[in-house]
Amino acid sequence: MTDQSRIEDLRTAISAEIAAATDLAALDQVRVAALGKKGSITMLLAGLGQMSPDDRKVMGPLLNGLKNSISAEIDARNTALRDAALAARLASEKVDVTLPLRKGPVARGRIHPISQVTDEITAIFSDMGFSIAEGPDIETDYYNFTALNFPEGHPARETHDTFFFPPDENGERRLLRTHTSPVQIHTMESQRPPIRTIIPGRVYRCDSDQTHTPMFHQLEGLVIDTSSHIGQLRWVLEQSLAAFFEVEHAEIRFRPHFFPFTEPSMEVDVRCDRSGEIVKFGEGSDWLEILGCGMVHPNILRMAGLDPDVYQGFAWGIGLDRLAMLKYGMNDLRAFFDADRRWLDHYGFRPLDLPTLFGGLSS
Ligand code: DAH
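Residues numbered from 1 in each chain as written. Predicted model: local features only at pLDDT ≥ 70, side-chain atom pairs only at ≥ 80, totals over all residues. Heavy atoms only, no water.

Here we take up the site of the ligand. Neighbouring the ligand are 15 residues, the closest being His-179, Ser-181, Arg-205, Gln-218 and Glu-220. The separation between an oxygen atom of the ligand and a polar side-chain atom of Gln-184 is 3.0 Å. Separating an oxygen atom of the ligand from a side-chain N or O atom of Gln-218 is a distance of 2.9 Å. Across the complex, the protein chains shield 91% of the 360 Å² of accessible surface that the ligand would expose by itself. More than half of the atoms belonging to the ligand lie within 2 Å of the grid points that define the largest pocket. Among the elements of the structure, strand S5 (215-225), strand S9 (286-296) and strand S10 (312-319) are those that each provide at least two residues to the shell around the ligand. Residues of the shell around the ligand, tallied by class, amount to five nonpolar, eight polar and two charged. (Near = heavy atom within 4 Å. Polar contact = N/O pair within 3.5 Å; in protein donor to acceptor, adjacent residues only side chain to side chain. Areas by Shrake-Rupley, 256 points an atom, 1.4 Å probe, with all protein chains shown as cover. 1 Å grid on protein atoms, 1.4 Å probe; cavity = no way out; pocket = protein on both sides within 12 Å on 5 of 7 lines; lining within 4 Å. Sits in = over half its atoms within 2 Å of the grid points. Helix = DSSP H or I, 4+ residues; strand = E, 2+ residues; numbered from the N terminus. Nonpolar A, V, L, I, M, F, W, Y, C, P; charged D, E, K, R; others polar.)

Our next topic: the layout of surface pockets. Empty space within the largest pocket amounts to approximately 1100 Å³. If you trace the largest pocket, you find 43 residues lining it, with Arg-205, Phe-216, Gln-218, Glu-289 and Gly-319 closest to the centre. Considered class by class, the residues forming the lining of the largest pocket number 18 nonpolar, 17 polar and eight charged. (Points joined across faces, edges and corners; volume = space filled by probe spheres on them.)

Moving on, we get to helix H10 (residues 230-245). The end-to-end C-alpha distance of H10, which contains 16 residues, comes to 22 Å, matching closely the 22 Å that a straight helix rising 1.5 Å per residue would cover. Those residues of H10 that fall on the buried side of the exposure criterion are Leu-233, Val-236, Leu-237, Ser-240, Leu-241, Ala-242, Phe-244 and Phe-245. Following H10 by one or two positions, Glu-246 adopts a phi angle in the positive range, close to 55°. (Expected span 1.5 Å × (residues − 1). Buried < 20%, exposed > 50% of the residue type's maximum accessible area, 1.4 Å probe, protein only.)

This next bit is on the packing of helix H2 (residues 24-35) against helix H4 (residues 53-92). Helix packing for two helices is described by the angle between their axes and how far apart those axes are. Close contact between H2 and H4 brings their axes to 10 Å; oriented N to C, the two are set at 170°. Of the possible angle classes, the one that applies to H2 and H4 is roughly antiparallel. When H2 is examined against H4, the residues Leu-24, Leu-27, Arg-31 and Leu-35 are found in contact with a partner set consisting of Lys-67, Ile-70, Ser-71, Ile-74, Arg-77, Asn-78, Leu-81 and Arg-82. Of the residues assigned to the contact of H2 with H4, the class counts are six nonpolar, two polar and four charged. (Axes fitted to C-alpha atoms, helices over the stretch in contact; angles between N-to-C directions. Parallel < 35°, antiparallel > 145°, perpendicular 65-115°, else oblique. Contact = heavy atoms within 4.5 Å.)

Take the packing of aromatic side chains next. Using the criterion set out here, one finds 14 aromatic pairs in the structure. When the ring of Phe-130 is compared with that of Trp-316, the centres are 6.1 Å apart and the planes differ by 75°; the resulting orientation is edge-to-face. One end of the pair, Phe-130, is in the loop between helix H6 (113-127) and strand S1 (131-132); the other, Trp-316, is in strand S10, with 186 residues separating them in the sequence. When sorted by exposure, Phe-130 lands in the same class as Trp-316, which is buried. Considering the side-chain rings of Phe-336 and Phe-337, the 6.0 Å spacing of their centres and the 55° angle between planes classify their relative orientation as tilted. Residue classification places Phe-336 among the buried residues on the basis of a relative accessible area of 3%. (Phe/Tyr/Trp six-rings, centres within 6.5 Å; stacked < 30°, edge-to-face > 60°.)

So, in C-alpha coordinates, the structure goes:
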(Lines give C-alpha, C1' and ligand atoms only; values in the text may rest on other atoms or scores of the structure.)
Protein backbone atom coordinates (compact mmCIF):
# COMPACT_ATOMS: atom_id res chain seq x y z
CA MET A 1 0.00 0.00 0.00
CA THR A 2 1.45 3.32 -0.93
CA ASP A 3 1.85 6.10 1.60
CA GLN A 4 -0.65 8.08 -0.39
CA SER A 5 -3.36 5.43 -0.18
CA ARG A 6 -2.74 5.02 3.60
CA ILE A 7 -3.27 8.73 4.00
CA GLU A 8 -6.46 8.51 1.93
CA ASP A 9 -7.71 5.64 4.11
CA LEU A 10 -7.04 7.72 7.22
CA ARG A 11 -8.86 10.67 5.70
CA THR A 12 -11.84 8.46 4.84
CA ALA A 13 -11.94 6.99 8.36
CA ILE A 14 -11.72 10.36 10.12
CA SER A 15 -14.28 11.91 7.73
CA ALA A 16 -16.68 9.09 8.57
CA GLU A 17 -16.15 9.74 12.29
CA ILE A 18 -16.79 13.46 11.76
CA ALA A 19 -20.00 12.72 9.90
CA ALA A 20 -21.07 10.29 12.64
CA ALA A 21 -20.55 12.83 15.47
CA THR A 22 -24.06 13.92 16.38
CA ASP A 23 -23.17 16.51 19.00
CA LEU A 24 -20.38 18.93 19.81
CA ALA A 25 -18.88 16.72 22.54
CA ALA A 26 -18.56 13.73 20.15
CA LEU A 27 -17.05 15.99 17.48
CA ASP A 28 -14.47 17.25 19.95
CA GLN A 29 -13.45 13.66 20.72
CA VAL A 30 -12.84 13.09 17.00
CA ARG A 31 -10.80 16.30 16.84
CA VAL A 32 -8.62 15.30 19.80
CA ALA A 33 -8.08 11.78 18.35
CA ALA A 34 -6.89 13.23 15.00
CA LEU A 35 -5.37 16.64 15.72
CA GLY A 36 -4.75 16.66 19.47
CA LYS A 37 -1.26 16.39 21.02
CA LYS A 38 -1.22 12.62 20.56
CA GLY A 39 -3.67 12.53 17.65
CA SER A 40 -3.15 10.30 14.64
CA ILE A 41 -2.36 13.14 12.20
CA THR A 42 -0.19 14.98 14.73
CA MET A 43 1.89 11.83 15.26
CA LEU A 44 2.35 11.40 11.51
CA LEU A 45 3.45 15.04 11.19
CA ALA A 46 5.89 14.53 14.06
CA GLY A 47 7.42 11.63 12.09
CA LEU A 48 8.43 13.98 9.23
CA GLY A 49 11.59 14.97 11.13
CA GLN A 50 12.98 11.43 10.93
CA MET A 51 12.38 11.08 7.17
CA SER A 52 14.95 11.54 4.42
CA PRO A 53 14.73 14.94 2.73
CA ASP A 54 13.25 13.33 -0.42
CA ASP A 55 10.54 11.44 1.48
CA ARG A 56 9.81 14.54 3.53
CA LYS A 57 9.31 16.52 0.33
CA VAL A 58 6.61 14.09 -0.76
CA MET A 59 5.00 13.35 2.62
CA GLY A 60 5.11 16.93 4.00
CA PRO A 61 2.58 18.43 1.60
CA LEU A 62 0.41 15.26 1.77
CA LEU A 63 0.22 15.24 5.58
CA ASN A 64 -0.26 19.01 5.82
CA GLY A 65 -2.97 18.75 3.20
CA LEU A 66 -4.63 16.01 5.26
CA LYS A 67 -4.40 18.11 8.42
CA ASN A 68 -5.88 21.18 6.72
CA SER A 69 -8.73 19.35 5.07
CA ILE A 70 -9.67 17.45 8.27
CA SER A 71 -9.49 20.71 10.20
CA ALA A 72 -11.80 22.34 7.68
CA GLU A 73 -14.20 19.40 7.84
CA ILE A 74 -14.32 19.58 11.63
CA ASP A 75 -14.98 23.33 11.49
CA ALA A 76 -17.78 22.85 8.98
CA ARG A 77 -19.33 20.08 11.07
CA ASN A 78 -18.97 22.22 14.18
CA THR A 79 -20.88 25.07 12.51
CA ALA A 80 -23.57 22.70 11.27
CA LEU A 81 -24.04 21.14 14.72
CA ARG A 82 -24.21 24.58 16.39
CA ASP A 83 -26.76 25.79 13.84
CA ALA A 84 -28.86 22.67 14.40
CA ALA A 85 -28.66 23.08 18.22
CA LEU A 86 -29.72 26.73 17.91
CA ALA A 87 -32.58 25.87 15.56
CA ALA A 88 -33.80 23.18 17.97
CA ARG A 89 -33.64 25.63 20.91
CA LEU A 90 -35.47 28.34 18.99
CA ALA A 91 -38.17 25.85 18.04
CA SER A 92 -38.63 24.60 21.61
CA GLU A 93 -38.48 28.04 23.26
CA LYS A 94 -40.84 29.68 20.84
CA VAL A 95 -42.87 32.52 22.38
CA ASP A 96 -46.11 33.70 20.87
CA VAL A 97 -45.80 37.45 21.38
CA THR A 98 -49.39 37.96 20.30
CA LEU A 99 -50.72 36.12 23.40
CA PRO A 100 -52.50 38.42 25.94
CA LEU A 101 -50.40 39.50 28.96
CA ARG A 102 -50.90 37.60 32.19
CA LYS A 103 -52.11 40.07 34.86
CA GLY A 104 -49.64 40.84 37.64
CA PRO A 105 -50.49 40.91 41.39
CA VAL A 106 -51.41 44.60 41.32
CA ALA A 107 -54.02 43.98 38.64
CA ARG A 108 -55.33 40.72 40.17
CA GLY A 109 -55.31 41.59 43.90
CA ARG A 110 -58.27 43.23 45.62
CA ILE A 111 -58.55 45.42 48.72
CA HIS A 112 -61.14 44.09 51.17
CA PRO A 113 -64.15 46.43 51.66
CA ILE A 114 -63.29 46.75 55.38
CA SER A 115 -59.80 47.99 54.51
CA GLN A 116 -61.29 50.29 51.90
CA VAL A 117 -63.84 51.77 54.33
CA THR A 118 -61.12 52.18 56.99
CA ASP A 119 -58.96 54.03 54.45
CA GLU A 120 -61.90 56.22 53.42
CA ILE A 121 -62.72 57.18 57.02
CA THR A 122 -59.04 57.74 57.77
CA ALA A 123 -58.81 60.14 54.81
CA ILE A 124 -61.91 62.04 56.00
CA PHE A 125 -60.74 62.46 59.59
CA SER A 126 -57.11 63.18 58.66
CA ASP A 127 -58.50 66.07 56.62
CA MET A 128 -60.30 67.33 59.74
CA GLY A 129 -57.04 67.25 61.72
CA PHE A 130 -57.59 64.00 63.63
CA SER A 131 -54.76 61.59 64.43
CA ILE A 132 -55.11 57.79 64.39
CA ALA A 133 -54.53 55.54 67.39
CA GLU A 134 -54.56 51.78 67.91
CA GLY A 135 -54.69 49.55 70.95
CA PRO A 136 -54.34 45.87 71.86
CA ASP A 137 -56.98 43.31 70.88
CA ILE A 138 -56.31 41.42 74.12
CA GLU A 139 -57.36 43.61 77.02
CA THR A 140 -57.66 43.53 80.77
CA ASP A 141 -61.03 43.74 82.45
CA TYR A 142 -59.85 47.13 83.77
CA TYR A 143 -59.47 48.80 80.37
CA ASN A 144 -62.43 47.12 78.68
CA PHE A 145 -64.90 47.75 81.55
CA THR A 146 -63.77 49.23 84.87
CA ALA A 147 -61.92 52.29 83.51
CA LEU A 148 -64.93 52.91 81.26
CA ASN A 149 -67.17 53.25 84.30
CA PHE A 150 -68.82 49.82 84.12
CA PRO A 151 -69.24 49.06 87.85
CA GLU A 152 -68.36 45.52 89.01
CA GLY A 153 -71.35 43.27 88.46
CA HIS A 154 -73.15 45.91 86.38
CA PRO A 155 -75.54 44.27 83.88
CA ALA A 156 -74.00 46.30 81.00
CA ARG A 157 -70.96 44.00 81.26
CA GLU A 158 -73.18 41.03 80.48
CA THR A 159 -74.61 42.60 77.30
CA HIS A 160 -71.20 42.45 75.66
CA ASP A 161 -71.01 38.61 75.31
CA THR A 162 -67.34 38.75 76.16
CA PHE A 163 -64.76 36.13 75.19
CA PHE A 164 -62.68 35.59 78.35
CA PHE A 165 -59.31 33.86 78.60
CA PRO A 166 -58.73 31.35 81.44
CA PRO A 167 -57.62 33.11 84.65
CA ASP A 168 -53.85 33.72 85.04
CA GLU A 169 -51.84 32.92 88.24
CA ASN A 170 -53.32 36.02 89.94
CA GLY A 171 -56.85 34.92 89.07
CA GLU A 172 -57.17 37.72 86.51
CA ARG A 173 -59.02 36.92 83.30
CA ARG A 174 -57.88 38.74 80.20
CA LEU A 175 -60.41 39.15 77.40
CA LEU A 176 -60.78 39.98 73.73
CA ARG A 177 -61.88 43.63 73.71
CA THR A 178 -65.59 43.98 73.07
CA HIS A 179 -65.29 47.53 71.74
CA THR A 180 -62.62 50.07 70.75
CA SER A 181 -63.53 52.30 73.72
CA PRO A 182 -60.65 51.00 75.92
CA VAL A 183 -58.26 52.77 73.54
CA GLN A 184 -59.87 56.04 74.74
CA ILE A 185 -58.27 55.35 78.12
CA HIS A 186 -54.87 54.34 76.63
CA THR A 187 -54.93 57.52 74.56
CA MET A 188 -55.77 59.81 77.49
CA GLU A 189 -53.11 58.10 79.62
CA SER A 190 -50.40 58.58 77.01
CA GLN A 191 -51.03 62.07 75.64
CA ARG A 192 -52.16 65.43 76.95
CA PRO A 193 -55.15 67.32 75.54
CA PRO A 194 -56.04 68.70 73.09
CA ILE A 195 -56.84 65.21 71.78
CA ARG A 196 -58.51 64.61 68.42
CA THR A 197 -58.17 60.95 67.58
CA ILE A 198 -59.92 58.19 65.73
CA ILE A 199 -59.33 54.55 66.62
CA PRO A 200 -60.22 51.89 64.04
CA GLY A 201 -59.88 48.28 65.10
CA ARG A 202 -61.12 44.72 65.50
CA VAL A 203 -63.53 43.88 68.31
CA TYR A 204 -64.98 40.57 69.48
CA ARG A 205 -68.29 39.35 70.82
CA CYS A 206 -69.73 35.87 71.05
CA ASP A 207 -72.45 36.34 68.45
CA SER A 208 -73.13 35.10 64.91
CA ASP A 209 -75.96 35.64 62.43
CA GLN A 210 -76.54 37.54 59.18
CA THR A 211 -75.56 40.88 60.71
CA HIS A 212 -73.25 39.70 63.52
CA THR A 213 -69.89 37.94 63.41
CA PRO A 214 -67.75 37.02 66.44
CA MET A 215 -65.09 39.42 65.16
CA PHE A 216 -66.06 42.75 63.65
CA HIS A 217 -64.74 46.30 63.32
CA GLN A 218 -65.41 49.56 65.07
CA LEU A 219 -64.21 53.10 64.77
CA GLU A 220 -63.95 55.10 67.96
CA GLY A 221 -63.67 58.88 67.97
CA LEU A 222 -62.36 60.94 70.87
CA VAL A 223 -62.03 64.70 71.29
CA ILE A 224 -60.80 66.17 74.59
CA ASP A 225 -60.17 69.87 75.10
CA THR A 226 -61.11 72.58 77.56
CA SER A 227 -64.21 73.67 75.66
CA SER A 228 -65.39 70.80 73.39
CA HIS A 229 -69.16 70.61 73.30
CA ILE A 230 -72.10 68.73 71.80
CA GLY A 231 -72.45 71.24 68.93
CA GLN A 232 -68.99 70.26 67.71
CA LEU A 233 -69.87 66.58 68.10
CA ARG A 234 -72.92 67.08 65.91
CA TRP A 235 -70.92 69.01 63.28
CA VAL A 236 -68.13 66.39 63.18
CA LEU A 237 -70.65 63.55 62.76
CA GLU A 238 -72.70 65.34 60.09
CA GLN A 239 -69.64 66.35 58.07
CA SER A 240 -67.92 62.98 58.28
CA LEU A 241 -71.09 61.00 57.44
CA ALA A 242 -71.83 63.26 54.44
CA ALA A 243 -68.23 62.85 53.22
CA PHE A 244 -68.35 59.09 53.75
CA PHE A 245 -71.66 58.56 51.94
CA GLU A 246 -70.57 61.09 49.31
CA VAL A 247 -73.72 63.22 49.66
CA GLU A 248 -74.26 66.98 50.18
CA HIS A 249 -75.91 66.73 53.61
CA ALA A 250 -76.25 63.93 56.14
CA GLU A 251 -78.93 65.10 58.53
CA ILE A 252 -78.74 63.34 61.89
CA ARG A 253 -80.88 63.21 65.01
CA PHE A 254 -79.87 62.43 68.57
CA ARG A 255 -81.90 60.03 70.73
CA PRO A 256 -81.17 59.72 74.45
CA HIS A 257 -79.46 56.45 75.36
CA PHE A 258 -77.25 54.94 78.04
CA PHE A 259 -73.55 54.19 77.90
CA PRO A 260 -71.60 54.04 81.18
CA PHE A 261 -68.72 56.07 79.74
CA THR A 262 -70.66 59.09 78.44
CA GLU A 263 -73.06 61.55 80.07
CA PRO A 264 -75.30 62.50 78.38
CA SER A 265 -75.29 59.51 76.01
CA MET A 266 -77.03 59.46 72.67
CA GLU A 267 -77.77 57.18 69.78
CA VAL A 268 -77.57 58.81 66.38
CA ASP A 269 -79.89 58.18 63.44
CA VAL A 270 -79.16 59.46 59.94
CA ARG A 271 -81.86 60.58 57.50
CA CYS A 272 -82.29 58.20 54.61
CA ASP A 273 -84.63 56.83 52.01
CA ARG A 274 -85.27 53.12 52.29
CA SER A 275 -88.10 52.89 49.75
CA GLY A 276 -85.95 51.46 46.93
CA GLU A 277 -83.51 48.55 46.64
CA ILE A 278 -80.62 50.47 48.14
CA VAL A 279 -80.58 52.87 51.09
CA LYS A 280 -80.08 56.50 50.00
CA PHE A 281 -78.58 58.87 52.54
CA GLY A 282 -79.32 62.56 53.04
CA GLU A 283 -82.87 62.37 51.62
CA GLY A 284 -86.20 60.67 52.33
CA SER A 285 -88.26 60.31 55.50
CA ASP A 286 -86.66 57.29 57.18
CA TRP A 287 -84.07 57.27 59.93
CA LEU A 288 -81.35 54.66 60.33
CA GLU A 289 -79.60 54.09 63.64
CA ILE A 290 -75.91 54.36 62.95
CA LEU A 291 -73.77 55.05 66.04
CA GLY A 292 -73.50 55.74 69.76
CA CYS A 293 -71.93 58.85 71.25
CA GLY A 294 -71.92 61.30 74.11
CA MET A 295 -69.95 63.67 76.29
CA VAL A 296 -67.09 61.84 78.02
CA HIS A 297 -68.14 61.00 81.60
CA PRO A 298 -66.19 62.90 84.30
CA ASN A 299 -65.32 59.53 85.91
CA ILE A 300 -63.50 58.50 82.70
CA LEU A 301 -61.45 61.71 82.67
CA ARG A 302 -60.61 61.17 86.34
CA MET A 303 -59.72 57.50 85.74
CA ALA A 304 -57.31 58.60 82.99
CA GLY A 305 -55.72 61.26 85.20
CA LEU A 306 -57.41 64.34 83.71
CA ASP A 307 -59.17 66.98 85.84
CA PRO A 308 -62.88 67.07 84.78
CA ASP A 309 -63.11 70.67 86.02
CA VAL A 310 -60.56 71.65 83.36
CA TYR A 311 -61.17 69.20 80.52
CA GLN A 312 -64.25 67.96 78.75
CA GLY A 313 -64.83 66.13 75.51
CA PHE A 314 -66.96 63.91 73.37
CA ALA A 315 -66.66 60.42 71.96
CA TRP A 316 -68.47 58.15 69.55
CA GLY A 317 -68.34 54.56 68.37
CA ILE A 318 -69.48 53.28 65.00
CA GLY A 319 -69.50 49.86 63.32
CA LEU A 320 -67.25 49.82 60.25
CA ASP A 321 -68.70 46.59 58.84
CA ARG A 322 -72.20 48.07 58.97
CA LEU A 323 -70.96 51.20 57.19
CA ALA A 324 -69.37 49.07 54.45
CA MET A 325 -72.59 47.05 54.06
CA LEU A 326 -74.69 50.21 53.78
CA LYS A 327 -72.40 52.02 51.35
CA TYR A 328 -71.53 49.10 49.09
CA GLY A 329 -74.73 47.07 49.30
CA MET A 330 -73.67 43.74 50.79
CA ASN A 331 -76.32 42.07 52.93
CA ASP A 332 -74.55 39.22 54.71
CA LEU A 333 -71.76 40.17 57.10
CA ARG A 334 -70.50 36.58 57.37
CA ALA A 335 -69.35 36.68 53.72
CA PHE A 336 -66.85 39.39 54.75
CA PHE A 337 -64.79 36.77 56.53
CA ASP A 338 -65.26 33.71 54.30
CA ALA A 339 -62.12 34.52 52.25
CA ASP A 340 -64.00 33.60 49.06
CA ARG A 341 -61.99 34.88 46.06
CA ARG A 342 -65.13 35.33 43.95
CA TRP A 343 -66.74 37.55 46.61
CA LEU A 344 -63.56 39.60 46.90
CA ASP A 345 -63.24 39.92 43.12
CA HIS A 346 -66.77 41.33 43.06
CA TYR A 347 -66.81 43.58 46.15
CA GLY A 348 -63.09 44.33 46.52
CA PHE A 349 -61.26 47.45 45.37
CA ARG A 350 -58.23 47.92 43.13
CA PRO A 351 -55.04 48.26 45.14
CA LEU A 352 -53.82 51.44 43.47
CA ASP A 353 -57.13 53.32 43.75
CA LEU A 354 -56.33 54.90 47.11
CA PRO A 355 -59.27 56.81 48.60
CA THR A 356 -58.56 60.54 48.92
CA LEU A 357 -60.88 63.49 49.38
CA PHE A 358 -59.50 65.27 46.33
CA GLY A 359 -59.44 62.20 44.06
CA GLY A 360 -62.73 60.71 45.29
CA LEU A 361 -63.26 58.13 48.02
CA SER A 362 -64.80 55.25 46.13
CA SER A 363 -64.28 56.17 42.47
N1 DAH B 1 -68.44 51.23 72.79
C2 DAH B 1 -69.83 51.29 72.40
C3 DAH B 1 -70.28 49.92 71.91
O4 DAH B 1 -69.48 49.16 71.47
C5 DAH B 1 -70.03 52.29 71.30
C6 DAH B 1 -69.87 53.69 71.80
C7 DAH B 1 -70.97 54.39 72.26
C8 DAH B 1 -68.62 54.29 71.82
C9 DAH B 1 -70.82 55.68 72.75
C10 DAH B 1 -68.45 55.58 72.29
C11 DAH B 1 -69.58 56.27 72.75
O12 DAH B 1 -67.28 56.21 72.31
O13 DAH B 1 -69.42 57.54 73.24
O14 DAH B 1 -71.43 49.63 71.98
